[in-house]
Amino acid sequence: MLAGRLLVGLRQLSVLTCTMSEGEVARGSARARKRKARGDNERYVPPPTKRRAGVSFGDEHFGETESYIENGLRKVRPYYFDFETYCKGRWVGRSLLEVFSAEFRAEPLEYYRRAAACGRLRLNEEPVQDLGVVLKDNDFLRNTVHRHEPPVTAQPLQILTESEDLVVIDKPSSLPVHPCGRFRHNTVIFILGKEKNIKELYTIHRLDRLTSGVLMFAKTSEVSKKMAELVRERKVEKEYVCRVCGEFPEETVTCEEPIMTVSYKIGVCRVHPKGKPSKTLFQRLSYNGKSSVVKCFPYTGRTHQIRVHLQYLGHPIVNDPIYNTDAWGPNRGKKGEINKTNEELLHTLIEEHKAKQSLDILDVAEDDLLVLKSDLIEGAKDANPCSQSAPNTLPANKDPAGTPQENDHSSVTDCDVHKNNQEEELIKKNSIDDTEGKVQGLVDPLCGECKIIRPDPSPRDMIMYLHALRYKGEDFDYSTELPEWAEDNWIDD
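The protein has the name Pseudouridine synthase in an unreviewed UniProt entry, where Eleutherodactylus coqui is given as its organism. Turning to the protein, the UniProt record has this under Sequence similarities (unreviewed entry): "Belongs to the pseudouridine synthase RluA family."

This is how it looks when you write it as structure tokens:
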């Protein structure tokens, strides 16, 4: 099996590294000369093909890489991945270089030049080396990248119940429900499919990545629609438990402050008069002299509703990395007293996590920062870089954003043969067994992330004290045990 994996890895290398044959380069150059001779407007664009939307993932997706446990974390070895998209309307008439410069800012333009020269960029399934080519309607783009996923806690995913219609799990904290952002294999959907052989699932409701607890999936679209309708009509009782700062009032507290989304990109909300109507009921369970355990009953389903309402009440969740920080001001957002614009708030929050080296908590990579800052300067509440998706994924994956570069329309040169040979040897050298017999993730010379050594986060730092304790309907009742941090004998750090 190990030899087979190595063989697959070497086959990938032969395709993905700068090893285009002389014949391929010659044919590509000949096609480019012909296009230039007859004018780019005559470039043939194949008709679009129907892409299967799908809700499931197959063995070809699960086999992209492997996961392993280390230092209390579940990690995923780096792997190659194809981002795919049809030409957007706003790109028509613009060159590839202009589009990369304006919207694909995860890498500097030199990266895309080298990627094109190495055959990793394809236009209508043919390698494209001339980034000056003008895009046309229905052009299909494919970009092969070396993908790194952040680690999550190694806490196992527990199946609470499974039937012909439903599967209900106890989701660990730090684990996203479905592929999004930089997460793919470290998600509930992939773990269920790959490790539990439970596939073709439909989401009924979702939990924040840092929230643990009851999570339901339907096995058919009919059941999914029925259950989702019950949730929308508020016929499902939702019960959460959390640990908050300070002594929460003994009497029942109801908060009905409207909630507005500040940024969809990194998921930040606030109480605001222009927000959507929201209602949450709170009941204190215990107080240990420093923090309180509180039950929460959300009657509406706004993003981060429980967390935002607790912040407004002056009792944020003890280890909430977004709503219990100094970025919200001296009172940390109590009574909505923030005194900052949305742009100022996001800027301060990002800088705070950058200083703590905890950007993974926000799912913001280092390369995202300059783009976010640029968007904030322009007053954008939600930067909307080009979104690309792989076939058969649930939602579209967000493209990483990064350093913007000035437009440069110079032509792409061929790969330097000596440099490419060195890079290929480097990749092969790093594609060997480690001492535990696991196949090492490939080291890619074009990948900036491969050059960064990041310290492992503490598993405890990846857990937030918010847990979906119970979901109850007319004919079902699913619940979990109280998490350890909600027990009466819990001692705060």
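The next thing to look at is the overall build of the protein. Along the protein, the regular secondary structure elements total 11 helices and 19 strands. Split into buried and exposed, the 493 residues of the protein put 49% on the buried side. The long-range share in the protein, meaning contacts at least 24 apart out of those at least 6 apart in sequence, stands at 69%. Within the structure as shown, the protein displays about 24200 Å² of accessible surface, and the carbon and sulfur contribution to it stands at 49%.

Under the definition given, this model contains 14 aromatic pairs. Between Tyr-323 and Trp-328, the ring centres sit 5.4 Å apart and the planes meet at 35°, which makes this aromatic pair tilted. For Tyr-323, a relative accessible area of 0% puts it in the buried group. Here Trp-328 falls in the buried class, since its relative accessible area comes to 0%. Ring centres of Phe-476 and Tyr-478 lie 5.4 Å apart, and the angle between their planes is 20°; this geometry places the pair in the stacked category. Look at Phe-476 and you get buried, because its relative accessible area is 8%. Assessed through its relative accessible area of 18%, Tyr-478 is described here as buried. Put simply, the rings of Trp-91, Phe-100, Phe-104, Tyr-111 and Tyr-112 touch in pairs and so form one group of aromatic residues.

Let's shift gears to the nonpolar core. Formed by 72 residues in total, the largest nonpolar core has its most connected members in Met-216, Phe-217 and Phe-282. The contact partners of Phe-217, leaving out residues within four places of it in the chain, are Asp-165, Leu-166, Val-167, Ile-169, Val-177, Val-188, Ile-189, Leu-192, Leu-201, Tyr-202, Thr-203 and Ile-204. Within the second largest apolar cluster, 27 residues are counted, among which are Tyr-79, Leu-96, Val-128 and Leu-131.

Time to look at the pattern of salt bridges. Across all of its chains, the model carries 24 salt bridges by this definition. With a closest N to O distance of 2.6 Å, Lys-295 and Glu-239 form a salt bridge. Here the residue Lys-295 occupies a position in strand 17 (residues 291-298), and Glu-239 occupies one in strand 12 (residues 237-245), the gap between them amounting to 56 residues. The network of salt bridges with shared partners includes Asp-82, Glu-84, Glu-125 and Arg-142.

Attention now moves to helix 7 (residues 221-232). Between its first and last C-alpha, helix 7 extends 16 Å over 12 residues, near the 16 Å set by a 1.5 Å rise per residue. When helix 7 is considered as a whole, its buried residues turn out to be Val-223, Ser-224, Met-227 and Ala-228. The buried residues of helix 7 all sit within an arc of 125° when viewed along its axis, so they share a single face. When the buried face of helix 7 is taken as reference, the exposed residues oriented beyond 90 degrees from it are Glu-222, Lys-225, Lys-226 and Arg-232. Contacts from the buried residues of helix 7 go to strand 9 (166-171), strand 10 (202-203) and strand 11 (212-218). Downstream of helix 7 by one or two residues, Arg-234 has phi in the positive range, about 60°.

Our focus in this paragraph is the side chain of Thr-65. Mapped onto the elements, Thr-65 comes out in the loop between helix 3 (59-62) and strand 1 (67-70). Overall, Thr-65 belongs to the buried group, its relative accessible area being 11%. Polar side-chain contacts of Thr-65 include one of 2.7 Å to the backbone oxygen of Arg-77. Among residues more than four places away in sequence, those in contact with Thr-65 are Val-76, Arg-77, Pro-78, Tyr-79, His-185 and Lys-194.

The sheet built from 4 strands is open, its strands ordered 3-6-4-5 with antiparallel pairing. Edge positions in the sheet fall to strand 3 (79-86) and strand 5 (126-127), since each has one partner strand and no second. Of the strand pairs in this sheet, strand 4 (residues 121-123) and strand 6 (residues 140-147) are connected by 3 bridges, and their pairing is antiparallel. Looking at strand 6, one finds that Leu-123 is bridged to Leu-141.

Judged by how many residues are buried, strand 3 sits mostly within the fold: 6 of 8 residues are covered. Direction of pairing for strand 3 relative to strand 6: antiparallel, over a ladder of 8 bridges. By the bridge assignment, Thr-85 is partnered in strand 6 with Leu-141.

With respect to topology, 3 strands assemble into an open sheet ordered 1-2-7, the strand pairing being antiparallel. Edge strands, defined here as strands with exactly one partner in the open sheet, are strand 1 and strand 7 (152-153). Bridging between strand 1 and strand 2 (residues 73-76) involves 4 bridges; their strand directions are antiparallel. Within the sheet, the bridge partner assigned to Tyr-68 lies in strand 2 and is Lys-75.

Here the focus is the confidence of the model for the protein. Per-residue pLDDT for the protein averages 79, and the proportion of residues at 70 or more is 73%. Put simply, helix 1 (residues 2-16) is where the protein has its lowest mean pLDDT, 41, and strand 13 (residues 253-255) is where it has its highest, 98. Counting contacts from residues 34-39, a segment whose pLDDT is below 50, to residues more than four positions away or on other chains yields 4 contacts. Considering only residues more than four positions removed or in separate chains, one finds that residues 365-441, a stretch of pLDDT under 50, has 175 contacts.

Looking now at unusual backbone geometry. Despite not being glycine, Asn-71 shows a phi value in the positive range, around 55°. Even without being a glycine, Glu-200 presents a positive backbone phi close to 55°. Structurally, Glu-200 can be placed in the loop between helix 6 (188-195) and strand 10.

Criteria and cut-off values
Residues numbered from 1 in each chain as written. Predicted model: local features only at pLDDT ≥ 70, side-chain atom pairs only at ≥ 80, totals over all residues. Heavy atoms only, no water. UniProt positions renumbered as here; feature names shortened; annotations may be inferred. Helix = DSSP H or I, 4+ residues; strand = E, 2+ residues; numbered from the N terminus. Buried < 20%, exposed > 50% of the residue type's maximum accessible area, 1.4 Å probe, protein only. Contact = heavy atoms within 4.5 Å. Areas by Shrake-Rupley, 256 points an atom, 1.4 Å probe, with all protein chains shown as cover. Phe/Tyr/Trp six-rings, centres within 6.5 Å; stacked < 30°, edge-to-face > 60°. Core = buried A, V, L, I, M, F, W, Y, C linked by side-chain atoms within 4.5 Å. Salt bridge = Lys/Arg side-chain N within 4 Å of Asp/Glu carboxyl O. Expected span 1.5 Å × (residues − 1). Arc of directions from axis to C-beta. Polar contact = N/O pair within 3.5 Å; in protein donor to acceptor, adjacent residues only side chain to side chain. Pairing = 2+ DSSP bridges. pLDDT = per-residue confidence, 0-100.

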